[in-house]
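Commentary on secondary and tertiary structure
Spelled out from the first residue to the last, the chains are:
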Amino acid sequence: MQADQKKMPLVAAMLKYKKEQVYPFHTPGHKGGRGMEPLLAGELGAGALQMDVSLMAELDDIHCPEGCIAAAQTLAAQLYGSDRCFFAVNGTTQAIQAMLMTAVKPGGKVLIPRNAHRSVAGGLLLGDLEPVYVLPQFDAVFGINTQVTAGQIEEALQKDPSIKAVFLTSPNYYGQAADIKTIAQIAHKYGAALLVDEAHGPHLGFSELLPPSSMECGADACAQSTHKILGAMTQCSMLHVQGRRLDLKRAADVMSLLTTTSPNYLLMASLDAARFQLATGGRQMAVQAVAAADRLRRLLQTFKGLKLLTADCAGSNGIAGFDSTKVTVNVAAWGYTGIEAGEKLRQAGVAVELTDADNVLFLVTYSDGGADYDAVLAVIQQVFTELEKNKKTPRRLTVSPQLPAPQQVMSLRQAFDSAKTSIPLCRGAAGKICAEQVSFYPPGIPVLLPGELITEAIIAYCENMKNLNLPVSGPADGSLREIRVVF
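Described in the following lines is the structure provided in the data block. What you see is a predicted model, and the numbers here were worked out from it, not measured in a lab. (Residues numbered from 1 in each chain as written. Predicted model: local features only at pLDDT ≥ 70, side-chain atom pairs only at ≥ 80, totals over all residues. Heavy atoms only, no water.)

Ranked by size, the top nonpolar core spans 33 residues in total, and within it L10, L59, F87, Y265 and M268 carry the most contacts. Secondary-structure elements contributing two or more residues to this core are α1 (9-19), α4 (68-80), β1 (84-88) and α11 (265-301). When residues of this core are assigned to their parent elements, the largest contribution, 8 residues, is made by α11. Aside from chain neighbours lying at most four places away, what touches F87 is I62, A72, Q73, A76, S237, M238, M255, M268, L271 and D272. Counting residues in each nonpolar core, the second largest holds 32 residues, with A88, A95, A223 and M255 among its members. (Core = buried A, V, L, I, M, F, W, Y, C linked by side-chain atoms within 4.5 Å. Buried < 20%, exposed > 50% of the residue type's maximum accessible area, 1.4 Å probe, protein only. Helix = DSSP H or I, 4+ residues; strand = E, 2+ residues; numbered from the N terminus. Contact = heavy atoms within 4.5 Å.)

Let us look at the side chain of T146. Counting through the fold element by element, T146 comes out in the loop between β5 (144-145) and α7 (150-159). Residue contacts for T146: discarding those within four places in its chain leaves N115, Q137, F138, D139, N172, Q176, N317 and I319.

Here the structure, examined in full by the defined rule, presents 5 aromatic pairs. Seen from their ring centres, F303 and W334 are 5.9 Å apart, and the 85° between their planes marks the pair as edge-to-face. Of this pair, F303 sits in the loop between α11 and β11 (307-308) while W334 sits in the loop between β13 (326-330) and α12 (338-347), and the two are 31 residues apart along the sequence. When the centroid spacing of 6.0 Å and the interplanar angle of 40° are considered together, the rings of F303 and F384 count as tilted. (Phe/Tyr/Trp six-rings, centres within 6.5 Å; stacked < 30°, edge-to-face > 60°.)

Here the focus is the sheet that holds strand β3 (residues 130-134). Spatial ordering of the open sheet is given by β1-β10-β9-β8-β6-β2-β3, a layout of 7 strands whose pairing is mixed. At either margin of the open sheet sits one strand with a lone partner, and together these are β1 and β3. Strand-to-strand twist in this sheet, taken as the mean axis angle between neighbours without regard to direction, amounts to 20°. Summarising the sheet, β1 and strand β10 (residues 237-241) pair through 5 bridges and their orientation is antiparallel. Following the sheet pairing, C85 is matched in β10 by H240. In the packing of α7 onto the sheet, contacts are made with β2 (109-113), β3 and β6 (163-169), and the angle to β6 comes to roughly 160°. Sitting on the sheet, α11 is in contact with β1 and β10, with an inclination near 135° to β1. (Pairing = 2+ DSSP bridges. Axes fitted to C-alpha atoms, helices over the stretch in contact; angles between N-to-C directions.)

Here's what the structure looks like:
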C-alpha cells in the first residue's frame, strides 16, 4: 500500500516535540540552545536549536526504526522504487561501504572501475573484500575518465565467475551515466549483484530531460548524496536496496554497525523534507535545473575556442546518458588550467564544484535560476571575457589516461594492519608497497591504495598532479613529499 508522499512524518514528529516545550534533562548539552555560544546561536536560530534533539521514544531510533523514521524511510523507498531505504547521516561514504558489505561476504570479489571514489577503498578494507579492477574509458578531448562498457563487464565476469558484485559510479562527476540497464542484465546473468554509486544522481528518474535512475535500470542497490543535488543538509544521503538478490536484514545490520548512536535529527529531518520536495515537485525541479544549466551553457558557448561537454558525449566511451545540469567547460585552448580559471571565478565571488587540469565544472540545481541568477551569469561572462582577452598559448592535453591499476602485492587489510614508515616519494619509494591511499581531489580517484606496488610511472604521475596544484587526499603528508610504505 502506497503511503502519502505529501507527508513529512519525521519533520512532523520533531515539530510536535518542539511545540510541547518539554524541559530537556537529556542531551545535547546546550539544552535547546540555552547554553549555545551566542554568536553561533544567533546564526543558527532558536527554532533550529530547539529541534536539535536526542533519541526520544516519540522520535524513533534509527537503529531499530518503528515510528516516524521508519515512516520517512518507507516513503523514500516507495518514491525511488526500492524495497528498503536507509538514511545515511554519515554521508554517501557510509552508504557505499554498507552497500559493499551487504552484497559481499569477507574474502569475496568485487568488480570495480579504477576511477571509483576513495570511499570504496574503505568499504573494501572494512569488509575484507578483494577488488578486481577494470579501467574506465578515457575522453582525450576533455582529459577525463568516463565509464566502463557493458562489454568490459561481461569480459571480466566471464574471466572470473567468482566475482560476487559489480560496482559502478553513475553518473560520474561530469554527469555521464553508464549503461546501467545492460550492465545489470549482464551482472545478473553471472549471478553478481549490481551496486551503483549514484552520489550525483538523486534527482534522476523524475523527468525525461534527465537519464533514468539506477533503480529503474535494475540495480540491486544504490547510494545517493541527497545533499549534493537536492535539498538535504550536507552529510545527508540515502541507501536504496532491492531484496531479490541482497539480504535486507543484513543491509539493516551493516547500516546500524556504521551509523552513529547519536544521529543528528536536523540532518535526518532534512532528508525527509528533501524527499517531500521531490515527491511533490520533482518534475518541475528538473525542468528548472535543466533550464538554468542551459542558460549557463549558452553563455559559455559564445566564447570561441572553449569546449563544452554536451549530450553528444552519449553513445561512446561507455556513456549511455548525460545529466545536462553539470556544465563542464574546457579552457585548455586559451592556455589556462581549470585550476587557474576556477581561481579567477572565485576571486569574482563565484565558487565552482570542481576544477581539474583542463576543466571547470559548474553544478547547477533546481535552486538556481532565481532573482540573483542573472547577476551571477553576468559575473561569469565578465570573468571569461577577461580570460579571453588575456588568453595564452593553447596547451596540449595535460592529463594522460588513468594509469593502469598498480600490482596488488598485499591485501588492503594486511597493508592497513602492517607496520609503516614514511619515506621520500621521489627517493626510494619505487618498488615499495604503499601503506596508505593517495588520491587527487576532486574527484577522489585513487592513484594508489594500501597493498599496491609503487612504480616510477606512478611517482611521475603524482608529481605531475602536484605541479598542477591539485590537492592530494589520503596520505599522512598532505604535501605528498613523503609517502607511507609497509615497513
